[in-house]
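Okay, here's what each chain looks like letter by letter:
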Amino acid sequence: MESSEPKDRSSGKATTKAPTREPLEPMPEVEDAFEEIEVDAPRVGIIMGSKNDKPKLQPAGEALHDAGIRYEVRVMSAHRDPEKVREYCHAARMRGLKVLIAGAGMSAALPGVAAAHTDLPVIGVPIMGKALGGLDALLSSVQMPPGVPVACVAIDGAKNAGILAARIINA
Ligand code: AIR
């Protein structure tokens, strides 16, 4: 019995006809929604190891605000919430973030761990703790192994982290 499928003349094999598509209708509501996402999406993620670091990271947010760059703030410790840090950093680029600022005190693993989980630029802010004058956090942030870069600012240097993030975005 003859198949009713259309056949390629040269090979005799059955061919599949491409379905005819209706021209796409304009969808203003959907386009508006995308526009809004694009406009409102933060460009910089400021993350920190403890809610107690917030006052020290605030100048980064102020510098970004002055530069007209949207940012978000999240608390996540590389030691206390390693899964949260991993998930956040993995999703960062997809969510539209361009730079991460990571501040932590003591044995500050956060900047390095963030840089291990994203290829976005990471700026580390070592926070001065009660002991060692912040040298512990500075060395933990700055002494990164080759292949996992962290741009580290001064101890408690959050303002420069914000300015640097703005410069990276506007480069
Ligand atoms: N920290 C939190 N998890 C890992 C580290 N290194 C840091 C915080 C904070 C300090 O430890 O970034 O600067 C003390 O945290 P807390 O919550 O006890 O005040």
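Residues numbered from 1 in each chain as written. Predicted model: local features only at pLDDT ≥ 70, side-chain atom pairs only at ≥ 80, totals over all residues.

*Asks:* How would you sum up the overall build of the protein? Please name residues and give values.
*Replies:* Each helix and strand counted, the protein has six helices and five strands in total. Listed by position from the N terminus, the elements making up the protein come as α-β-α-β-α-β-α-β-α-β-α. In the protein, which comprises 171 residues, the share counted as buried stands at 34%. Pairs at least 24 apart in sequence give 67% of the contacts found in the protein among residues at least 6 apart. (Helix = DSSP H or I, 4+ residues; strand = E, 2+ residues; numbered from the N terminus. Buried ≥ 20, exposed ≤ 12 C-beta atoms within 10 Å, placed from the backbone. Contact = placed C-beta atoms within 7 Å.)

*Asks:* Can you lay out the nonpolar core for me, pointing to particular residues and giving the numbers?
*Replies:* The biggest cluster of nonpolar side chains holds 41 residues, and the ones touching the most others in it are Ile101, Leu110, Ala114 and Val125. With five residues, the top contributor of residues to this core is strand β3 (residues 99–105). Each residue touching Leu110, except ones within four places of it in the same chain, is listed here: Ile47, Gly49, Ser77, Ala78, Val85, Ala102 and Ala104. (Core = buried A, V, L, I, M, F, W, Y, C linked by C-beta atoms within 7 Å.)

*Asks:* Explain the site of the ligand to me, and be specific about the residues and the numbers.
*Replies:* Residues in contact with the ligand amount to 16 residues; listed here are only the nearest, Gly49, Ser50, Ser77, Ala104 and Gly105. Looking at the shell around the ligand residue by residue, the class counts come to six nonpolar, eight polar and two charged. (Near = placed C-beta within 6 Å. Nonpolar A, V, L, I, M, F, W, Y, C, P; charged D, E, K, R; others polar.)

*Asks:* Before we move on, can you summarise helix α3 (residues 82–92) with the specific residues and values?
*Replies:* Within α3, the full set of buried residues consists of Val85, Tyr88, Cys89 and Ala92. Seen from one end, α3 has its buried residues packed into an arc of 95 degrees, which puts them on one side. For α3, the exposed residues lying more than 90 degrees away from the buried face are Glu83 and His90. The inward-facing, buried residues of α3 abut β1 (44–48), β2 (71–75), β3 and α4 (110–117). (Arc of directions from axis to C-beta.)

*Asks:* Which residues make up helix α6 (residues 158–170), and what are the values?
*Replies:* Residues spaced three or four apart along an α-helix point in a common direction, a consequence of the helix completing one turn every 3.6 residues. With 13 residues, α6 ought to run about 18 Å at 1.5 Å a step, and its terminal C-alpha atoms sit 18 Å apart, in line with that. Among the residues of α6, those classed as buried are Ala158, Ala161, Gly162, Ala165 and Ala166. Considered in projection along α6, the buried side chains sweep an arc of 135 degrees and stay on one side of the axis. Those residues of α6 that are exposed and aimed more than 90 degrees away from the buried face are Arg167 and Asn170. Looking at the packing, one finds that the buried side of α6 touches β1, α2 (54–66), β3 and β4 (122–127). (Expected span 1.5 Å × (residues − 1).)

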